[in-house]
Amino acid sequence: MARLDPYTPTPAARASRVVVMVLPFVIGIACVLLSFVPVGRIFGSSNMPAFALMAIFYWAVVRPDMFPVYAVFVVGLLTDLLSAGPIGLWAFTYVLTYTIVLTQRFLIINVPFSVFWIAFLLAGFIAGTISWSIASVIYGALLPVRPVLTHVLITAAVFPLFAFLFGRIERRILPSG
Amino acid sequence: MPIREISHRISLVFMLTLAAALLLLGRAETYVFDNARQIVTDMAAPLLEIASRPVAAARRVVERTDEYAYVFDENERLRAENLRLMAWKDTALKLESKVQRYEALLNVQIDPSINYVSGRVVSDNGGPFVDTVIVNAGREQGVKSGDAVIDTDGLIGRIVSSGEKAARVLLLTDLNSRLPVVIEPGHYKAVLAGDNTDWPRLEYLLSTSSAAPGDRVVTSGDGGLIPPGLPIGLVIQTSDGYLRVQSFANREQLDYVRVLKYEFPVDVPRQDPPAALTGPAIVSPPAPPPVVVPTGEPVKPKPAAQKPKPAAAVKPVTPAKPATTGVGVTTMEPVADPDEDEPGAPPPPSEIVPNDIVTGTGTGGTE
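In this report, we go over the structure that sits alongside the text. Quick caveat: nothing in here was measured; it's all calculated off a predicted structure.

Rules and cut-offs
Residues numbered from 1 in each chain as written. Chains lettered and ligands numbered in written order. Predicted model: local features only at pLDDT ≥ 70, side-chain atom pairs only at ≥ 80, totals over all residues. Heavy atoms only, no water. Helix = DSSP H or I, 4+ residues; strand = E, 2+ residues; numbered from the N terminus. Buried < 20%, exposed > 50% of the residue type's maximum accessible area, 1.4 Å probe, protein only. Contact = heavy atoms within 4.5 Å. Areas by Shrake-Rupley, 256 points an atom, 1.4 Å probe, with all protein chains shown as cover. Buried area = accessible area lost by both parts, 1.4 Å probe. Salt bridge = Lys/Arg side-chain N within 4 Å of Asp/Glu carboxyl O. Polar contact = N/O pair within 3.5 Å; in protein donor to acceptor, adjacent residues only side chain to side chain. Core = buried A, V, L, I, M, F, W, Y, C linked by side-chain atoms within 4.5 Å. Expected span 1.5 Å × (residues − 1). Bend = angle between axes of the 7 residues up to and from the residue. Pairing = 2+ DSSP bridges. Phe/Tyr/Trp six-rings, centres within 6.5 Å; stacked < 30°, edge-to-face > 60°. Axes fitted to C-alpha atoms, helices over the stretch in contact; angles between N-to-C directions. Parallel < 35°, antiparallel > 145°, perpendicular 65-115°, else oblique. Left-handed = near helix turned anticlockwise from the far one by under 90°. Nonpolar A, V, L, I, M, F, W, Y, C, P; charged D, E, K, R; others polar.

Observations concerning the overall build of chain A
Within chain A, the secondary structure is distributed over seven helices and zero strands. Traced from its N-terminal end to its C-terminal end, chain A shows the element sequence α-α-α-α-α-α-α. In chain A, which comprises 177 residues, the proportion classed as buried is 51%. Looking at chain A alone, contacts between residues at least 24 apart form 73% of all its contacts between residues at least 6 apart.

Overview of the overall build of chain B
Along chain B, the regular secondary structure elements total three helices and 12 strands. Taking contacts inside chain B between residues at least 6 apart in sequence as the whole, the part at least 24 apart equals 62%. Summing over all exposed atoms, chain B offers an accessible surface of approximately 21400 Å²; the carbon and sulfur share of this is 60%.

Here we look at the interface of chain A and chain B
Interfaces are frequently sized by the accessible area removed from exposure as the parts join. Facing the 46 residues of chain A at the interface are 49 residues of chain B. Carbon and sulfur atoms make up 74% of the surface buried where chain A meets chain B, a total of about 4200 Å² over both sides. When the buried area of chain A at its contact with chain B is split by residue, A:R41, A:I42 and A:I87 rank highest and sum to 18% of it. Counting every contact that joins chain A to chain B gives zero salt bridges. Counting across the chain A and chain B interface gives four residue pairs in polar contact (both at pLDDT 80 or more). Secondary-structure elements contributing two or more residues to the side of chain A that touches chain B are α3 (69–82), α4 (89–103), α6 (113–139) and α7 (146–172) of chain A.

Describing the environment of A:G167
Within the secondary structure, A:G167 is located in helix α7. On a C-alpha basis, the gap between A:G167 and A:Y58 in space is 8.8 Å, while along the polypeptide they are 109 residues apart.

Considering the pattern of salt bridges
All names here are of chain B. Going through the model one piece at a time under the given rule, you end up with 17 salt bridges over all chains. Between R244 and D195 there is a salt bridge, with the nearest N and O atoms lying 3.1 Å from each other. One end of the pair, R244, is in strand β11 (residues 243–247); the other, D195, is in the loop between β7 (188–193) and β8 (201–203), with 49 residues separating them in the sequence. As far as burial versus exposure is concerned, R244 and D195 are alike and both buried.

Some thoughts on the nonpolar core
Ranked by internal contacts, the top residues of the largest apolar core, which has 74 residues, are A:F57, A:L82, A:Y94, A:Y98 and A:F166. Residue assignment for this core shows that the elements contributing at least two residues are α1 (11–34), α2 (51–62), α3, α4, α6 and α7 of chain A together with α1 (3–28) and α2 (30–69) of chain B. In terms of residue count, α2(A) provides more of this core than any other element does, 11 residues in total. Discounting residues that sit within four places of it in the chain, A:L82 has contacts with A:V32, A:L33, A:F36, B:V40, B:T41, B:A44, B:I134 and B:R168. Core analysis: the second largest hydrophobic core is formed by 21 residues, B:V181, B:I232, B:L243 and B:L260 among them.

Notes on α1(A)
Because each turn of an α-helix spans 3.6 residues, side chains separated by three or four positions in sequence point in the same direction. Between the first and last C-alpha of α1(A) there are 32 Å, a value that for 24 residues agrees with the 34 Å anticipated at 1.5 Å per step. Along α1(A), the sharpest change in direction is near 50° and occurs at A:L23; proline A:P24 comes one to four residues later. When we look at burial in α1(A), the residues that qualify are A:V20, A:L23, A:P24, A:I27, A:G28, A:C31, A:V32 and A:L33. Its buried side turned inward, α1(A) meets α2, α3 and α7 of chain A together with α2 of chain B.

Thoughts on unusual backbone geometry
Residues and elements named next belong to chain B. In the segment running from E184 into P185, the intervening peptide bond is cis, with an omega of 5°. When you line up the elements, P185 lands in the loop between β6 (178–184) and β7. We note that N196 has phi near 65°; this positive angle belongs to a residue other than glycine. Along the chain, N196 turns up in the loop between β7 and β8. Located in the positive-phi region is Y204, a residue other than glycine, with phi close to 55°. Position of Y204 among the secondary structure elements: in the loop between β8 and β9 (216–219). On the accessibility criterion, Y204 (67% relative accessible area) is exposed.

What about the pairing of strand β12 (residues 256–261) of chain B?
Residue and element names in this part refer to chain B. Sheet topology note: the strand β1 (residues 115–123)/β12 ladder contains six bridges and is antiparallel. Residue pairing across strands places V117 opposite V259, the latter belonging to β12. Bridge analysis of strand β3 (residues 148–150) against β12 gives three bridges, and the strand direction is antiparallel. Across the sheet, the residue bridging to A148 is L260, located in β12.

As for the packing of aromatic side chains
Residue and element names in this part refer to chain A. This model, assessed by the stated rule, comprises 16 aromatic pairs over all chains. Each ring, one from F57 and one from F116, has its centre 5.3 Å from the other, and the planes form 40°; the classification is tilted. Highlighted residues: F57 in helix α2 and F116 in helix α6, separated in sequence by 59 residues. Pair check on accessibility: F57 and F116 agree, each one buried. Residues F162 and F166 carry aromatic rings whose centres are separated by 6.1 Å and whose planes lie at 65° to one another, so their mutual orientation is edge-to-face. With F162 and F166 both in helix α7 and four residues apart, this pair spans about one turn of that helix. Each residue in the set F51, F57, Y58, W59, F113, F116, W117, F120, F159, F162 and F166 is aromatic and connected to the rest through ring pairs, giving one cluster.

Side note on the packing of α2(A) against α4(A)
Residues and elements named next belong to chain A. Viewed as axis vectors pointing N to C, α2 and α4 meet at an angle of 30°, and their least axial separation amounts to 9 Å. Of the possible angle classes, the one that applies to α2 and α4 is roughly parallel. By crossing handedness, the relation of α2 to α4 is classed as right-handed. For the pair α2 and α4, contact is made by A52, L53, I56, F57, A60 and V61 and by Y94, T97, Y98, V101 and L102, respectively. Of the residues in the contact of α2 with α4, the class split is 10 nonpolar, one polar and no charged.

This is the structure we're talking about:
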């Protein structure tokens, strides 16, 4: 007869732990999809923020263990596949930005939100510069800078809202690590 | 340094390398990635469509609110516009009958009517380097690569890849977009090239052309991919000196669009000349030389009663196999029954399609 261990988690508990572990990744994927939903047209604009970059930056700073580099790569690849741009552009941009943010993580952790926000703006500029350079090389021409700049600024402007949402999810659902 | 830290660093470097390799591979193995793109797009399209519904509803609310604010001004403006358009309607009707008459005279082949599929734009570009949207109509609805996409105001782009249920539209402003156009009224040909700005550039425009801001730009139909005569926009000149095009379609408010299933008429069916021109079978030698009338009056054929074979005056008009290139000259018959000139007469079938002559008929999408 099998011995019942009172400490063995039930299947439901195990499943919920798996769900919790992949939650940041699922949020990342949802962010990619959201960035293709024409939300901006409500306000008569076709500019969409890079929601995926917000998720990557937030989890890279707050819980890098729950958003590993593989997840970043998949999020970038999905962005590449859904957009019609060069394949690998966003995968490379996001992985490189994630790496840079990870190396500077100790500067941003436990700082006031305003500093966190400025750090995100910097990360946005880094990502914008990387992607602009790669795209310019691939297309063989200096691409206009303005769309990238607008993209980064809009992303930074919307970031506090998403940082707040991610923060709620992190504190309410995810186990402390 | 703990092992975990080392493995962490290795995985970072590995993924960076993988991403860089992907960039190179993406240039080489385009076929594989295009397929992957279509599959992912097809899978994401239903999700995007569901997500875009509340967006569309919200936008309608915003637009409605705007409209309420300006309802009186708008009413006033529409009344004035209606008056203006009524005058235009008369002109258009007159021109239409005139064109029909000329087409009948010139034996022009009327463009076949073009079928279309309506779809909704379910996604926006999602990045600063591309200008494409996804519509929820795909191969199942007969959408294929190369099809023109229009909205109520004019051309917005063309399909570049189509999956089962969704297709991707390359907008005119995208860096990869090149489109042969004609600038009216001078009929100057040019290529409309997107460069990721709001206004695509007019390239390959002859230096002798006098295209000026305000001129109308329509598709030329060169290349046979996109029907000729679709309205695109107006010529503008930007501060950098380039002639660009401000499109009629509003990029920011794309919603329902039409995908035109245009087939370039490569197989022109054999068309017999009008019944009035056909006579008995021609076996006689070439037509007699025309009579030179010093008064300059047009040469008229002698009535049938005076000549045994009136049709002999008519050159053989139907070759055994009509030309299909559309380059040829439409045959103008020297002999025509006076009745043929009546506008009410049914347009005679023609045999050759001069592509430049027939513009914009039957597109069904410009209203």
